[in-house]
Every structure is written in structure tokens, then in C-alpha cells.
Amino acid sequence: MTTATRGAVGTAHTRVEGLDKVTGAARYAAEIPFAELAHGWLVLSTVARGRVRAVDAEAVLEMPGVLTVLHHHNAPRVDSDYIGLLGVPPDPSVALFQHDRVPHLGWPVALVVAETSEQAREAAETLVVHYDREPHDIAFSAGRESEAHALDGHAPAVVEKGDLADRLAESAVVVDAEYTTPEEYHNPMEPHAATARWEGGRLEVVDSNQGTSWVAGELANLFSLDPASVRVRSEHVGGGFGSKGVRAHQVAAVMAATLLQRPVRVVMTRRQMFSLAGYRSPTAQRVRLGADADGRLRALEHRSLSQTSAVHDFVEPSAAAGRAMYAADAHHTASRVVRLDVPTPTWMRAPGEAPGSFALESALDELAERCGVDPIELRLRNEPEVGPVSGLPFGSRNLIACFREGARRFGWAERDPRPGVRREGRWLLGTGTAAASFPVMAMPSTAAVTAEADGTFTVGINAADIGTGARTALTLVAADALDVPADRVRVRIGDSDLGPAMIAGGSTGTRSWSWAVRTAAEELRGSLVPGADIPPEGVTVRSNTAEAVGALAQKERHSYGAQFAEVAVDPTTGEVRVRRMLGVFAAGRIVNPLTARNQLVGGMVWGLSMALHEEAVRDRASGGVYGADLAGYHVAAHADVPHIEADWVDDPDPDDPVGIKGIGEVGIVGAAAAVANAVWHATGVRHRNLPIRPDRVLLAGGRA
């Protein structure tokens, strides 16, 4: 399969919808007007476990503007006994108001609908709900592994190759360490919002999501509707990061719109998002590495424990992060979960790889120290020729090129390997590195490309642009395939009526959508007769990549990267400052360098935030998150990122029509480990628990 060579792909291009966004012409889901719009406000449980004994709705129904109060006694029945688009049953939290059970704090127990949002909120805050409270358990720790069970997610739970005990016994150097990461939250700038209405016998939902076909299919299943009678639109999305799938607010809006026969909008508050929109589970990870004296791995074991809810299983597959990274004679990895009285976790940028790479890449740094080998050299010595566990050939693997280019640009050769020796006034300075990897996938998608009578072209594909610049990338891909300037191409996305297509997730969207767009565009171009008139209705060609994607040979396909960080640590106050970061990536053909760099830098900043700031802590008494808002949940700000660069090496995927791999997630992978490894280099003290807070730096001590 050859890659495209025409001119639009690979050139920097501002977002085609950029002007609309900065002028306000582009509207998010909560901003689109509807006639006779009513507003719903979710009421969440105030107990962490128990049952709803009574809902005192009578007084609330008398309040100004209140139209109805939905709860488990009067809500429409839904069917949650099905397997959804992603191959799993739905989280029971979307089957709203079907019973009186409360499995965690913040479980939806009622919906108040009123004429205005203000009236709905006041009434919802007035509503009294009585509970029968039961003891709850929200305490996650590594000590609960005996209660855990292995769970296959988007990666197998347990993978084993070779005799681990023998290879560890034969090793000259063994690293055996435990690492932890806390609960982390997506917090996209645009809240979750949905408006539902019935129009001409069809259910229409205007939403903010990562895949309208996904949401439409789930709603059709839940409400036992003909899929053709459900339309979901989501043209502009202000961030998702894995959280914007099927959630309680969409189901609540559909219930109320069905009951009232008028449009109803439900918007989550920031605080509600902490219990309704998913999160990254905390992890407790143990890594054991056995190596020869020169640092060549004989054994690699990575075990990870995460939490899930008492009602639905979801695993953070952190142990899978190294399965395709490093060669070892024995390779044992396992991801397990323990059920607690907490909300169900969900996908969050680089699920598994982000926390898993922190543990694995930190352990490799520890191994390099004990072997007296440079951290980059250690990784190069353990480069596999084929998949370390699968034995499959690599599609392309340019990790070494990333490290070599990154080391040159970062000035790694001048680094003194000894920790705690470099100073600048009161600051201890250190540098660290880590590898990054994320799987490359393609999923079947459909697209339509129309040659219009006025000489322009319209692309219709049910993609989701969640801030990645997908709409612009697809414009460039179509322009190249049609051999026309990009300004003659218009791309329509975010509408389930456009047909099935991959969701925006798993760094798979742009690759999958581009394949479908290019296929349709090339067929259309070949069918047009030069100089012939286009009829008023245009000429349309549709594509479906299911057969082509299904024919892909099995290979280890991944994007790669090398992360570098320099930190300054004040041993008196415990303050850690990241002075500069560099990431060099091998992530396939870069369609639009402008938005690609934006995505990679965004991921790296998130990794910095993961290393130093982000941490949600649960109150043992209430079962809820302390400071469940953007004031209490700390994230990196501009002042935390003085100098950050992202670049890439040439790395087109020969098995993809455009050469794309994926960049949405690889930028965060390894970034936290690079920062943590730099803190060790600065202080001589290893931090295995994120975030690296000032109090932890002070308690751990360091070279003062």
C-alpha cells in the first residue's frame, strides 16, 4: 500500500472552523437555541451506599416554573440488557431511575425540569430525598490485591511468556518497586450537555460527544427504538479526553422530552462531572525487572491494581504498557480491579499507557542507575526485533530515532549522570527521559464525497472533532485525493445521519476517517469526466472501509516517542519546577503540523500536570471527592510550562493509505516518568507516588 504524496497533507493549515470559534458563530451543545426549551437539573445522591426511601416531590412541583420531577417511581422504563457499540454492556448508571438502589455518592436519583435553568436548579436544590443509609467502602490501596480479579478490557488482563522466577534468579541486577497514581479527572472546558426533542416522529439529540453513531445506538437500545428513528448531532466539541460517551444527562434529557413532548436540555455542572462523567482510576503497580550486569533484561513483570464500581467493571490496563516495548526472556503482566462503592471509571487520555508508563519507565531508570548505564543506552540495549510477547513483526518502529534526535536537541550528551550535583543558587537541577508508545489501530468507517455543480466538493463523514483539528485534517486529506485546493473542500461531521464511522478515541479517529475519505474521494475523482458538467444534485461516491481494514495483516503497530524533561527542585520548600520539556515522536505521517504539534504539546503538559499536580482524594466519611471543582482539583497552568517543544521524525505507516498512525494520546505517555526521573537526578531521591507534591519532597529529603 503506497502513501499519498500530493501537497495539502503535511502542510500547516489553520483550523477551517477557527474563525467561527473565535467569533462565536460556532456553538457548543448548550448554546444552540430551541423554541419552547425546558431545562432539566439532575439531583444526585448524598449518601455513598443505600436506598432511596422517599422523594418529597410535591412541594417542589408547586415551585415557579417546575414542570415535572422524574425519579424511580415515575420515570420511563429502559432496557439495559444489551451489548453496545464497544462490545460491552452499558454502565448501569445510564439506566436512570430504574430502582431505588444507591451504589455511590453522586448517583442520579431525580431530575427536576422547569421553564428556566435557574428555576430547575433552585427546585433541584430544594428537593428532599430520604435514604436508608448503608456502610460504604471506598478505600483503595495496594493491600487489597487479594480481593481483586483479573479483567480483560481493551487489552487482555493477563499475558505471560517464559519462566519469570528462573529468569529473576539468574539476573545480576533486580529492581522490585511499587508505584502509585491517584484518581485523575478529564475536566474538558466544555461541560457535558445534551438537548433532546421529538421532531416528525424521530428523536433528535444535540449533544457534546465523541461519536454520534455511538450515542445514537446506545439511546436506541435503551429506549427500544428503531435506530433509524434516532438522530444525534454534535458538530463542535470542547474537549472530551474519553469522558464524552453515553452519560446520564443524555438519557435524562430523552426521558423528559418524551414525557413533556417538548425540547429538554440537561447540562452537567462541573461538580456533577466528578461523579457522572468518569475518571481515571487510581493505580497501585508493582514492577520487577531482572537484568544482566550490562542492563539487558532477562525478566519483566508488571502488575497493576485499579478500582471499579460495585455495579460495573472497568479496568485501567496499566500493565499492558510494556508488552510491546522491551525484549525480555520472561515477560509477565497482569491488570486487576477491586470493586468499591465509587463511580465507574472510564477511558482517559492514554488509558493504561499513561499511568503504566510512569511505573515502567521509572523502574527502567532505576535499573539504569543500578547497572551504571545511561538511561537512553539501557533502552536501546533492550530494543526488540519483533513483538516481545506477541512475536509479531513491527509495522514500523522508530523509537531509537526519537531518542537520538531528542538527545541531540536536548543536550543529553553533556549530562552528568550523578544525581544531586548540579546547582543554580538554591535550586537543584536534574534531567530525565522516558519512552512513549501507544497502539495504532484502524476501524471501519463510511464516508461520502460529492462533486458539486459549482466546482466545490462536500465530504460527509460522521467524525467527531473534539479539539484535535480533525475537521481540518480531513479537509487536507480530501483535497489531496481530489487534487484540488483545500478551499474547494467542505467537510460535514458530527451527525449520525451521515452513517457509521469510528468514534474519536484511541488515537484512531483521524486514521480511520481519512482512510474512508480518501477511498471515496479517489473513486469520485476517477469517475468524473474532465470538462463535463456536474448535474445540479451533484455526483456522490460512498465508501466503506470494513473489508480493507479487516484485511490488514497482523503486526505490532504503535506510535512512539522519547520524552525529555529538566526540573529545578528547591530542597528547602519542596517546590518542583519544570524548566523545559522536549518530546520527539514517531507517529506516522503528520497531516497538519500545526494542529499535530498542538495535540502533542497538550499531551506533554498533561503529563507534567500528572507528575506534579493532579490528585483527587476521597473523603472516607462521605465517599466523595474533596474539592470537586477546578479550584480544588489542581491542573498545570501556563506558569508551570515555561518552555515545551514537540517534534517528530519521518515515520509514515506503509499499511495506511495516507501513512497516518495517531497522535492524540502518545504525547502524554512517558511524560510524567520523564519529570519524575528528572526529580531523582536533581535530588538523588526517587519518587514512586504521584503527584510529586512539595510535602512529599520534604518528607523524602534530598541533597540540601
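Let us look at the structure shown here. Owing to the predicted nature of the structure, the values given are computational and were not obtained by experimental measurement.

A count of helices and strands for the protein chain gives 16 helices and 25 strands. Relative to the compact-globule value of 27 Å for 704 residues, the protein chain shows a C-alpha radius of gyration of 26 Å, a close match. Each of the three principal axes of the protein chain carries a C-alpha extent, and together these read 75 × 75 × 50 Å. Split into buried and exposed, the 704 residues of the protein chain put 60% on the buried side. By element, 51% of the accessible surface of the protein chain is carried by carbon and sulfur atoms, the whole surface being about 26,200 Å². Of the side chains in the protein chain, 69 bear a positive and 87 a negative charge, and the two mean positions are spaced by 4 Å.

For the rest of this paragraph, the subject is the packing of helix α8 (residues 353–371) against helix α15 (residues 671–683). Here α8 crosses α15 at 35°, and the two axes come no closer than 8 Å. Both α8 and α15 take part in a crossing whose hand is right-handed. Residue-level contacts link Ser-357, Phe-358, Glu-361, Ser-362, Asp-365 and Glu-369 of α8 to Ala-672, Ala-673, Ala-676, Asn-677 and Trp-680 of α15. When its residues are assigned to classes, the contact of α8 with α15 shows five nonpolar, three polar and three charged.

The antiparallel open sheet is built from three strands, whose spatial order is β4-β2-β6. The sheet is open, and its two borders are formed by β4 (101–102) and β6 (128–133), each paired with just one other strand. Relative to β4, strand β2 (residues 50–56) is paired through two bridges, and the arrangement is antiparallel. Bridge pairing in β4 places Arg-51 opposite Arg-101.

Moving on to the pattern of salt bridges. Side-chain pairing between opposite charges can occur once the charged atoms of the two side chains come close. By the definition in use, this model includes 59 salt bridges. When the shortest N-O distance is used, the salt bridge between Arg-121 and Glu-125 registers 3.0 Å. Placement of the pair is Arg-121 and Glu-125 together in helix α3 (residues 117–126), with a separation of four residues, close to one helical turn. Across the pair Arg-286 and Asp-176 runs a salt bridge whose closest N-O atoms are separated by 2.6 Å. One end of the pair, Arg-286, is in strand β14 (residues 283–291); the other, Asp-176, is in strand β9 (residues 173–181), and 110 residues separate them in sequence.

Take the packing of helix α11 (residues 470–482) against helix α12 (residues 509–527) next. When two helices pack together, their arrangement is given by the angle between the helix axes and the distance between those axes. The geometry of α11 relative to α12 is characterised by a closest axis approach of 8 Å and an angle of 30° between their N-to-C directions. Compared by their axis directions, α11 and α12 come out roughly parallel. Our pair here, α11 against α12, has a crossing hand that is right-handed. For the pair α11 and α12, the contacting residues are Ala-470, Ala-473, Leu-474, Val-477, Ala-478, Ala-481 and Leu-482 in the first and Thr-510, Trp-513, Ser-514, Val-517, Arg-518, Ala-521, Glu-522, Leu-524 and Arg-525 in the second. Broken down by class, the residue content of the contact of α11 with α12 amounts to eleven nonpolar, two polar and three charged.

Turning next to the environment of Val-517. By the element assignment, Val-517 lies in helix α12. Once the C-alpha coordinates of Val-517 and Asp-20 are considered, the two residues, 497 residues apart in sequence, prove to be 24 Å apart. Val-517 has contacts with Ala-447, Val-449, Val-459, Ile-461, Leu-474, Val-477 and Ala-478, leaving out every residue within four places of it along the chain.

Residues in a regular strand project their side chains so that they alternate between the two faces of the sheet. Taking every second residue as pointing to the same face, both faces of strand β20 (residues 457–460) are buried, with Phe-457 and Val-459 on one and Thr-458 and Gly-460 on the other. Judged from the four bridges that link them, strand β19 (residues 446–451) and β20 form a sheet pairing that is antiparallel. Counted as the bridge partner of Thr-450 is Thr-458 from β20. Connecting the antiparallel pair β19 and β20 is a turn made up of five residues, with Gly-455 showing a positive phi of about 95°. In the sheet, β20 pairs with strand β21 (residues 489–492) via four bridges, with the strands oriented parallel. From the neighbouring strand, Val-459 faces β21, where its bridge partner is Val-491. Traced from β20 through α11 to β21, the parallel crossover comes out right-handed.

For the rest of this paragraph, the subject is helix α5 (residues 212–222). Of all the eleven residues making up α5, eight are buried; the element is thus mostly covered by neighbouring parts of the structure. Burial in α5 covers these residues: Thr-212, Trp-214, Val-215, Ala-216, Glu-218, Leu-219, Ala-220 and Leu-222. Each element contacted by the buried residues of α5 is listed here: β11 (202–207), β12 (230–233) and α6 (248–260).

Before going further, it helps to spend a moment on the sheet that holds strand β18 (residues 427–439). Hydrogen bonding along the main chain pairs the strands of a sheet, whether they run parallel or antiparallel. One open sheet holds the five strands; their spatial order is β17-β18-β23-β24-β25, and the pairing between them is mixed. The two strands at the open ends of the sheet, each matched to only one other strand, are β17 (423–424) and β25 (644–648). The pairing of β18 with strand β23 (residues 558–569) spans twelve bridges and is classified as antiparallel. By the bridge assignment, Leu-429 is partnered in β23 with Ala-568. In this fold α15 packs onto β18, β23 and β24 (576–586), with an angle of close to 155° to the strand it touches most, β18.

Following Leu-690, the chain continues to Pro-691 via a peptide bond in cis, the omega torsion being -5°. Of note, Pro-691 is situated in the loop between α15 and α16 (694–700). Even without glycine at this site, Phe-97 takes up a positive phi of about 55°. Its place among the elements puts Phe-97 in the loop between β3 (66–70) and β4. The class of Phe-97 is buried, set by a relative accessible area of 4%. The phi dihedral of Gln-261 falls on the positive side, at around 55°, and the residue is not glycine.

Before going further, it helps to spend a moment on the environment of Ser-171. Assignment of secondary structure puts Ser-171 in the loop between α4 (164–170) and β9. The class of Ser-171 is buried, set by a relative accessible area of 12%. For the pair formed by Ser-171 and Ala-291, sequence separation is 120 residues and the distance between their alpha carbons is 5.0 Å. With near-sequence residues (within four places) excluded, Ser-171 lies in contact with Gly-290, Ala-291 and Arg-298.

Cut-off values and rules
Every residue gets a number counted from 1 within its own chain, in the order that chain's sequence is written. Where local features are concerned, this predicted model is filtered to residues with pLDDT of at least 70; where side-chain atom pairs are given and counted, the filter is 80 or more; whole-chain, interface and lining totals use all residues. The basis for every side-chain value is the complete set of heavy atoms in the structure, and neither hydrogens nor water enter the calculation. Each helix corresponds to a stretch of at least 4 residues labelled H or I by DSSP, and each strand to a stretch of at least 2 residues labelled E; elements are numbered beginning at the N terminus. We compute the radius of gyration over the C-alpha atoms and compare it with the globule rule, which gives 2.2 Å times the number of residues raised to the power 0.38. A simple rule labels every residue: compare its accessible area, found with a 1.4 Å probe on the protein chains alone, to the largest value its type can have, and call it buried under 20%, exposed over 50%, or partly exposed in between. Per-residue and other accessible areas follow the Shrake-Rupley method at a 1.4 Å probe size, with only the shown protein chains counted as cover for residues. Charged residues are defined here as Lys and Arg on the positive side and Asp and Glu on the negative side; His and the ends of the chain fall outside this count. Every charge is mapped to an atom, namely NZ of Lys, CZ of Arg, CG of Asp or CD of Glu. The convention used is that axes are lines fitted to C-alpha atoms, helices contributing only their stretch in contact, and that angles between N-to-C directions extend from 0 to 180 degrees. By definition, turning the near helix anticlockwise from the far helix through less than a right angle yields a left-handed crossing, and turning it clockwise yields a right-handed one. Every residue pair with non-hydrogen atoms within 4.5 Å of one another is taken to be in contact. Each residue gets one label: Ala, Val, Leu, Ile, Met, Phe, Trp, Tyr, Cys and Pro are nonpolar, Asp, Glu, Lys and Arg are charged, and the others, such as Gly, are polar. In short, DSSP must find at least two bridges between two strands for them to pair. Any Lys or Arg side-chain nitrogen found within 4 Å of a carboxyl oxygen on Asp or Glu counts as a salt bridge. Put simply, angles under 35 degrees are roughly parallel, angles over 145 are roughly antiparallel, angles from 65 to 115 are roughly perpendicular, and the rest are oblique. Every crossover in which the path from the first strand over the helix to the second runs clockwise, viewed with the strands pointing away from the viewer, is termed right-handed.

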